[in-house]
Amino acid sequence: MNPFQKNESKETLFSPVSTEEVPPQPLSLPKKPPPKICGSNYPLSIAFIVVNEFCERFSYYGMKAVLTLYLYFLHWNEDTSTSIYHAFSSLCYFTPILGAAIADSWLGKFKVLSLIGLSLIALGTGGIKPCVAAFGGDQFEEKHAEERTRYFSVFYLSINAGSLISTFITPMLRGDVQCFGEDCYALAFGVPGLLMVIALVVFAMGSKIYRKPPPEGNIVSQVVKCIWFAISNRFNNRSGDIPKRQHWLDWAAEKYPKQLIMDVKALTRVLFLYIPLPMFWALLDQQGSRWTLQATRMNGNLGVFVLQPDQMQVLNPLLVLIFIPLFDLVIYRLVSKCGINFSSLRKMAVGMILASLAFAVAAAVELKINRMTPPQPGPQEIFLQVLNLADDEVKVTVLGDENNTLLEESLRSFQKMPHYAQLHLKTKSQDFHFYLTYHNLSVYTKHSVEEKNWYSLILREDGKNISSMMVKDEGNKTANGMTTVRFINTLHKEVNISLTTDIFLSVGEDYGVSAYITVQSGEYAAVHCRTEDKDFLLNMGLLDFGATYLFVITNNTNQDPQAWKMKDTPANKLSIAWQLPQYALVTAGEVMFSVTGLEFSYSQAPSSMKSVLQAAWLLTVAVGNIIVLVVAQFSGLVQWAEFILFSCLLLVVCLIFSIMGYYYVPIKPEDLQKPADKQILHTQGNVINLETKKTKL
């Protein structure tokens, strides 16, 4: 055993791992080289891997594109929808730890991908994500390091190509196709499921030409045991008389081989560097939650076409496809010619800064939206409007629990209040008392309301009496940010309305109230309607994008029924194009952070722990989503302040990461290879020493 130094170095955490000799290994016979793509140095097998990744990412991102709005469609509020979205994302990035352990220690990457990852979609992400990038890297020989680096860029391009197409198509399947009169979420989720089947077929087609490194034992278990033994052994030998050792993991030398200790050293150094990374993912993944919800309150009508709020996410993969070659072929080369050492860790730090700036821009957009939209009822508040559908004037008085007057309004026939009145509650729900004065008749009634909601009190004539009904309104913008309409039918017969060729609804007789229906903005001059004995047309006029309308169908003397039009909530005024700068900034940050981090993780990982380190990289994504979940549930901040909070937190984390990166010394390729300077071949009793040449990664 080599003597250990008497004093532990303060830089052992960041120092490169030294190469030490291990027992000689038998010489393996040369294998037939794998087929290449068009005579290049790129193995043909990576084509199947890249196409498989495209299909799998189409499935994953296609489903995520509509997930937040689907949760909102199920009547969860924005915070709950955001929390569930990020809880799901976090689970998808936690399971790779399990997949990596199985891949490196038991089945190998290929079998995990084909048997576990693609067969069990619920846990499939755990099987796929830690293995597929590293499995592609395994297809390259050590002498083709430059081609392998380019492979990671192509791999990331395939991810974003799948994401680009799916995030554009699945919202169209949801919004443009109607299922049972509503958005077709079944089709939007079904098509990504079909792509998973295609991914399985494509991946299996290349099975005979894959390079499949065998698993190297239960690596995760060995790592944990090695670390535990080193810590416990150091604790048991803390006497001052015992010589210090160069690295704290060297205390495992009594039990574990030197090669494993060196690999664990390399692993722990990178894992320590990963600690600040989750904050970046906390910002990046909010494109599918907070930013999508922000888009529902913006105008998606761009003139040439209408952009759905969840389609705005298509900007991210589209810009990635543009930025990757732009950065690789132009920006990085210009920086290099300027004599600047733009290392991987520096690129990642700059990526953090860009993401932080993106959220500052998002906060500015949020403030601009708030100035253009009506306020929302808060805790123990409701917004109330009154509609008088009687034939004469009605005076309405709203009383509180202590008979104090909360609202007093006189409305002419077929008149509504000019705006919603803000009323305060003493509890989360309570009864409001109403006194209605009609002609010389006074009527007392009460209705129950709940906080944070919008209501319409509808007054109607019932013979010579006056009566009322309370209807809950759609005060918030709709889940998809589109125009919505609903109808009140004052006729004595049910009315069937055909808004478009595929949108139909029925409104009950005698003041029946329909549900809200999402429609495209535009002119609706002749909407076909039908009762049991006649057909007629309604002129609904021009419907603005994002507005909510109420139409009251009434009789018109000696003519067809007509519609009285009211706008409950105003149209979205701010164009959705204002989100473009924040998407451009965060995508540039992603290219510099994520693409670089993928290749960095592979290059710094010992050969036996490629999937483990890839899974640890993905684990930082999971932790980032948990951060969003916690902030969404417990911060209580308004949205623009929450964006500023995330922006500032990432700047602080970037500073910490930069300091850590300054002291980090990247592991050289030869330090990751198992020492094999001398291999011994036994032939007919003779011993032949063969000098082997190490190649750079």
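These remarks concern the structure in this document.

Criteria and cut-off values
Residues numbered from 1 in each chain as written. Predicted model: local features only at pLDDT ≥ 70, side-chain atom pairs only at ≥ 80, totals over all residues. Heavy atoms only, no water. Helix = DSSP H or I, 4+ residues; strand = E, 2+ residues; numbered from the N terminus. Buried < 20%, exposed > 50% of the residue type's maximum accessible area, 1.4 Å probe, protein only. Contact = heavy atoms within 4.5 Å. Areas by Shrake-Rupley, 256 points an atom, 1.4 Å probe, with all protein chains shown as cover. Patch = residues over 30% accessible without salt bridge, like charges linked within 9 Å, V, L, I, M, F, W, Y side chains within 5 Å. Salt bridge = Lys/Arg side-chain N within 4 Å of Asp/Glu carboxyl O. Lys, Arg positive; Asp, Glu negative; His and termini not counted. Charge placed at Lys NZ, Arg CZ, Asp CG, Glu CD. Axes fitted to C-alpha atoms, helices over the stretch in contact; angles between N-to-C directions. Parallel < 35°, antiparallel > 145°, perpendicular 65-115°, else oblique. Left-handed = near helix turned anticlockwise from the far one by under 90°. Pairing = 2+ DSSP bridges. Phe/Tyr/Trp six-rings, centres within 6.5 Å; stacked < 30°, edge-to-face > 60°.

As for the overall build of the chain
1) Next: The helix and strand inventory of the chain stands at 17 helices and 24 strands.
2) Next: For the chain, buried positions account for 51% of its 697 residues.
3) Next: In the chain, once contacts between residues fewer than 6 apart in sequence are set aside, the share between residues at least 24 apart is 71%.
4) Next: Total accessible area on the chain stands at roughly 32,300 Å², and carbon and sulfur atoms take up 59% of it.

Some details on a negative patch on the surface
1) Next: Taken together, the side chains of Glu-494, Glu-509, Asp-510 and Glu-532 define an acidic patch exposed on the protein surface.
2) Next: Inspection of the secondary structure puts Glu-532 in the loop between β18 (527-530) and β19 (535-538).

As for the packing of helix α13 (residues 344-372) against helix α14 (residues 580-603)
1) Next: Relative to each other, α13 and α14 sit at 155 degrees, their axes nearing to 7 Å. Looking at the two axes, α13 sits roughly antiparallel to α14. The two elements α13 and α14 meet at a crossing, and its hand is left-handed.

Some remarks on the sheet that holds β18
1) Next: Taken in spatial order, the 4 strands make up an open sheet running β14-β13-β18-β19, and their pairing is antiparallel. If you trace the sheet from one side to the other, it starts and ends with β14 (504-507) and β19, each paired once. Adjacent strand axes in the sheet meet at a mean angle of 25 degrees when their direction is disregarded.
2) Next: As paired elements, β18 and β19 share 4 bridges and run antiparallel to each other. When the sheet's bridge partners are listed, Cys-529 is paired in β19 with Phe-536.

Here's the deal with the packing of aromatic side chains
1) Next: Scanning the model with the defined rule gives 21 aromatic pairs in all.
2) Next: Ring centres of Trp-281 and Trp-617 lie 5.8 Å apart, and the angle between their planes is 90 degrees; this geometry places the pair in the edge-to-face category. Here Trp-281 is found in helix α10 (residues 278-284), whereas its partner Trp-617 is found in helix α15 (residues 610-634), with 336 residues between them in sequence.
3) Next: When its relative accessible area of 2% is taken as the criterion, Trp-617 is described as buried.
4) Next: Judged by centre distance (5.3 Å) and plane angle (35 degrees), the rings of Trp-291 and Phe-359 are tilted. Taken together, the residues Trp-291 in helix α11 (residues 290-295) and Phe-359 in helix α13 connect sequence positions 68 residues apart.

Concerning the pattern of salt bridges
1) Next: Taken as a whole and judged by the stated rule, the model has 12 salt bridges.
2) Next: Residue Lys-265 pairs with Asp-250 through a salt bridge whose shortest N-O separation is 2.8 Å. On the criterion of sequence distance, the pair formed by Lys-265 in helix α9 (residues 258-274) and Asp-250 in the loop between α8 (219-236) and α9 is long-range, its members being 15 residues apart. Of the two residues examined, Lys-265 and Asp-250, each falls in the buried class.
3) Next: Two residues, Asp-544 and Lys-567, come together in a salt bridge whose shortest N-O distance is 3.1 Å. Taken as a pair, Asp-544 in the loop between β20 (541-543) and β21 (548-556) and Lys-567 in strand β22 (residues 559-569) lie far apart in primary sequence, 23 residues in all.
4) Next: Through salt bridges that share partners, Asp-473, Arg-486 and Asp-568 make up one connected network.

Focus: the pairing of β14
Two faces belong to every sheet, and in a regular strand the side chains alternate between them.
1) Next: Because side chains alternate across β14, one face comprises the buried residues Leu-505 and Val-507, and the other comprises Phe-504 and Ser-506, none of which is buried.
2) Next: The pairing of strand β13 (residues 495-498) with β14 spans 4 bridges and is classified as antiparallel. Residue pairing across strands places Val-495 opposite Val-507, the latter belonging to β14.
3) Next: Counting the residues between successive antiparallel strands, the hairpin from β13 to β14 contains 5 residues.

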